[in-house]
Amino acid sequence: MCDHLISAAKHRDHVTANQLKQKILNILTNKHGAWGTMSQSHLHDFWRLDYWEDDLRRRRRFVRNASGSTHADMSLKALEEYDEDEEGLKSKKTYRSQSVVTQNPEAELMLEGDDDAVSLLQEKEIDNLAGPVVLSTPAQLVAPVVVARGTLSITTTEIYFEVDEEDPTFKTTDPQVLAYSEGLHGKWMFSEIRAVFSRRYLLQNTGLEVFMANRTSVMFNFPDQATVKRVVYSLPRVGVGTSYGLPQARRISLATPRQLFKSSNMTQRWQRREISNFEYLMFLNTIAGRTYNDLNQYPIFPWVLTNYDSEELDLTLPGNFRDLSKPIGALNPKRAAFYAERYETWDDDSTPSHHYTTLYSTAQSTLMWMLRIEPFTTFFLNANDNKFDHPERAFSGIGCSWRNCQRDTADVKELIPEFYYLPEMFVNSNEYELGVRDDGVSACDVELPSWAKKPEDFVRINRMALESEFVSCQLHQWIDLIFGYKQRGPEAVRSLNVFNFLSYEGSINLDNADASQREVIESQIQACGQIPSQLLIEPHPPRSSAMHLCFLPQSPLMFKDQMQQDVIMVLKFPSNSPVTHVAANTLPHLSIPAAVTVTCSRLFAVNRWHNTVGLRGAPGYSLEQAHHLPIEMDPLIANNSGVNKRQITDLVDQSIQINTHCFVVTADNRYILVCGFWDKSFRVYSTETGKLTQIVFGHWDVVTCLARSESYIGGDCYIVSGSRDATLLLWYWSGRHHIIGDNPNNSDYPAPRAVLTGHDHEVVCVSVCAELGLVISGAKGGPELCQRPRIISVSSEGHCIINYERGRFCNFSINGKLLAQMEVNDSTRAILLSSDGQNLVTGGDNGVVEVWQACDFKQLYIYPGCDAGIRAMDLSHDQRTLITGMASGSIVAFNIDFNRWHYEHQNRY
């Protein structure tokens, strides 16, 4: 065992050293590096999809691909090869069914209580084990197209996996595929583990998927269920994470998908419209065992539109939407009749009768959809004898694929989540030679519907359709087919929803098969695809209607069309100093919900927030409540009694212009971070006492700007500081200790988490998004023709809005693609994005607040002008009140309702 761990550590160090060497090389030689030149930018950069997931489990980031290529040496498949493949598949089908699929009546665990008492004894035994290794077991690392045998070892603080490099299967695996497979010599800290899910592998309940703090996941398969249980009880008690309203207990990690579904609060949240259709479908996929790590169990999403030909798409016409109560194979009546007849006249005794020979989701279909982006290109070629599809059989157009799965009796593919968020999948950016179709058209980029001018339009409108009322009203019926009571049994027969018996859980026990038989069955399961775990055996409840919910107080859905006044209130501070920073941390659970303001003279105010939005315009609203204004001035400022507790007196560098970028307020309103000091530090002050609590050094010149990421449970977040030294430092703010850094004993010398380089001049603005792992910064200098960035705002939806000098606005994707731009006359001083990233709010010297559609800068609304310039702005947590800081030393609260400009109140695209 010791020898094994030593050799594993050597392997891991070797891999880590190679990665670091590559990273240093990239930093030094890329076009922004010390040995880089701008002329390098015309060289072909290869990119691949990063494994990083956002909060909705979307993988949207692309990273440089050191092993990328155009695969120029690859040929195209000939049409005859498809017939051979199908014949080969049929000849392999030698496994005869012993019995028809029966539904497994599962023993329902009770999921209440602290933890299951039965396992507490085991837990104590494991906790008391002496020595470094608590558990060691044979295991397989399950990656998209690699299943690598090896040994999993667990100590009291870490997991290790070491691949068996002598395994014959591993030796024959394409090195290019291995380059994209992470974790072959893996080490993961317990402190990084965020969730542990039980998983199936080849329909056997012997897998585990572990989700990490770095927003990636790793999947293992074990010899049996007993080993799975032992592994779970050796890992930290994290359950399935904090997202689904379930206790963080080990028995939750071991619960069945049906138990997770019953005990979670997500269905109720979806019915109440607190979460989107996309988020709910992602939740169902996750608990039903769908995973990015096994292409045979990739997440499944429905086709929702039927019109891919019109120049315009009207999302108010029911005819443009698919009937979600029927499986994809039953939408066309002629094809439905064909499948029904096939089932009725089934005469093959070796397999039970079924409607369809292939499933709506297979590894092959996933690779086909994702062909144009790495690492899926390499995975596809590896699975297809290093050949691209024949142009007539490849995924070349969205409308064409829709028509195929309405006509072709062998095609019943549903979609994957990427159709609703990843425009890059439709673009052949790596310039692969995909051949020419019979009509003479090159199979390069995917052909989009006429109503989508670019891939971003298609993804945006497709997502709008998914969230529309037509889909919301029917989605529960599609869930019944894929995850629910119509998945198997008599209801499945009635609904034309029966697949090959080897696609179903419980249809086969691989432990009873000999080696050769097992190999045949496994290859058949891989070819047929795997149906998700069944989550419910009764009809799924429908979603509450939007009209029903819009009369509830604080409804997030419908705007109250009661001609609310644009301006709610104006609050004038005794000091006439311009209000240069506003932070509205107004969540009701905070000890002090407040709008914190800071003026040019560095006088701050903690103005208490009263949540009156739920009252305005709601039933039962009375005039007695009308005088409740949302913001109450800080009494220490109003009475002029405790200004010394509100004044930051430390000297800033004389050359610093105080603006909104000089301040950050923590999410609990208890601390203000301020930069611009002559000693090259930035400082932390308590808002309660006004006292200095921490001085943070790290830069070689004056710190010019600060930004804070969104906060997580406990108030932890990231802080970014930008400086005249042309670098940025990424810091960790501990919500528990209220300091920069994790260690209260070493708060004098905290170390930054990262040093970010690339600028040649003073950094003037920065924005950070922890969910996307993204820092965007702008510097003063640059090439003569470059306009200088002044303000940056980024949303977790991936819109990066940059305001340049001379009134230019640009919208970039998170991967740096310019999506839209505009010029405005006003000298803009403040911008912000709504929480869903769909709307942009701007304000500037002319005192006018304007609302724009973020994707294309279409103007939605102009508020009446104020009598002073706008210097700063923020939105309340419910997105219903906009608070602006004015040059005249006052703040103005505006009623804002983004739903008023929501797409459902417009018609066509």
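What counts and how
- Residues numbered from 1 in each chain as written.
- Predicted model: local features only at pLDDT ≥ 70, side-chain atom pairs only at ≥ 80, totals over all residues.
- Heavy atoms only, no water.
- UniProt positions renumbered as here; feature names shortened; annotations may be inferred.
- Helix = DSSP H or I, 4+ residues; strand = E, 2+ residues; numbered from the N terminus.
- Buried < 20%, exposed > 50% of the residue type's maximum accessible area, 1.4 Å probe, protein only.
- Contact = heavy atoms within 4.5 Å.
- Areas by Shrake-Rupley, 256 points an atom, 1.4 Å probe, with all protein chains shown as cover.
- Arc of directions from axis to C-beta.
- Patch = residues over 30% accessible without salt bridge, like charges linked within 9 Å, V, L, I, M, F, W, Y side chains within 5 Å.
- Salt bridge = Lys/Arg side-chain N within 4 Å of Asp/Glu carboxyl O.
- Pairing = 2+ DSSP bridges.
- pLDDT = per-residue confidence, 0-100.
- Polar contact = N/O pair within 3.5 Å; in protein donor to acceptor, adjacent residues only side chain to side chain.

- In the nomenclature of an unreviewed UniProt entry, the chain corresponds to Neurobeachin from the organism Liparis tanakae.
- Taken verbatim from the UniProt record of the chain, the Subcellular location (unreviewed entry) comment is "Membrane".
- According to UniProt, the comment filed for the chain under the heading Subunit (unreviewed entry) is "Interacts with RII subunit of PKA."

### Side note on the overall build of the chain
Then step 1. For the chain, the helix and strand inventory stands at 20 helices and 38 strands.
Then step 2. The burial tally for the chain puts 55% of its 909 residues in the buried class.
Then step 3. Taking the contacts inside the chain whose residues are at least 6 apart along the sequence as the reference set, 60% of them involve residues at least 24 apart.
Then step 4. About 39,900 Å² of surface is accessible on the chain, with carbon and sulfur atoms providing 52% of the total.

### Things to note about helix α14 (residues 398-407)
Then step 1. Listing the buried residues of α14 in full gives Ile-398, Gly-399, Ser-401, Trp-402, Cys-405 and Gln-406. Burial along α14 is one-sided: seen end-on, the buried residues are contained in an arc of 165 degrees.
Then step 2. Here the buried face of α14 lies against α11 (333-344), α12 (363-369) and α15 (455-466).

### A look at a nonpolar patch on the surface
Then step 1. On the surface, a cluster of nonpolar side chains totalling about 530 Å² of accessible area is made up of Leu-20, Ile-24, Ile-27, Leu-28 and Trp-35.
Then step 2. Inspection of the secondary structure puts Ile-27 in helix α1 (residues 2-29).

### Quick word on the pairing of strand β32 (residues 828-833)
Then step 1. Counting buried positions along β32 yields 5 of 6 residues, so the element is predominantly enclosed.
Then step 2. Where β32 and strand β33 (residues 839-844) come together, 5 bridges link them in antiparallel fashion. Bridge pairing in β33 links Ala-830 to Gly-843.

### Remarks on the confidence of the model for the chain
Then step 1. Scored by pLDDT, the chain has a mean of 88; 88% of the residues are at 70 or more.
Then step 2. Confidence scores differ between elements of the chain, with helix α3 (residues 117-127) showing the lowest mean pLDDT of 43 and helix α10 (residues 277-287) the highest of 98.

### Considerations on the side chain of Asp-634
Then step 1. Along the chain, Asp-634 falls in the loop between β16 (631-632) and α20 (635-638).
Then step 2. For Asp-634, a relative accessible area of 1% puts it in the buried group.
Then step 3. Here Val-606 takes part through its backbone nitrogen, which lies 2.8 Å from a polar atom of the side chain of Asp-634.
Then step 4. Within the structure, the side chain of Asp-634 is placed 3.0 Å from the backbone nitrogen of Leu-636, a separation counted as a polar contact.

### Focus on the environment of His-877
Then step 1. Mapping His-877 onto the fold places it in the loop between β36 (870-875) and β37 (881-886).
Then step 2. Here His-877 falls in the partly exposed class, since its relative accessible area comes to 30%.
Then step 3. Sequence separation between His-877 and Leu-587 is 290 residues, and the spatial gap between their C-alpha atoms is 5.9 Å.
Then step 4. Not counting residues within four places of it along the chain, the set of residues in contact with His-877 comprises Thr-586, Leu-587 and Pro-588.

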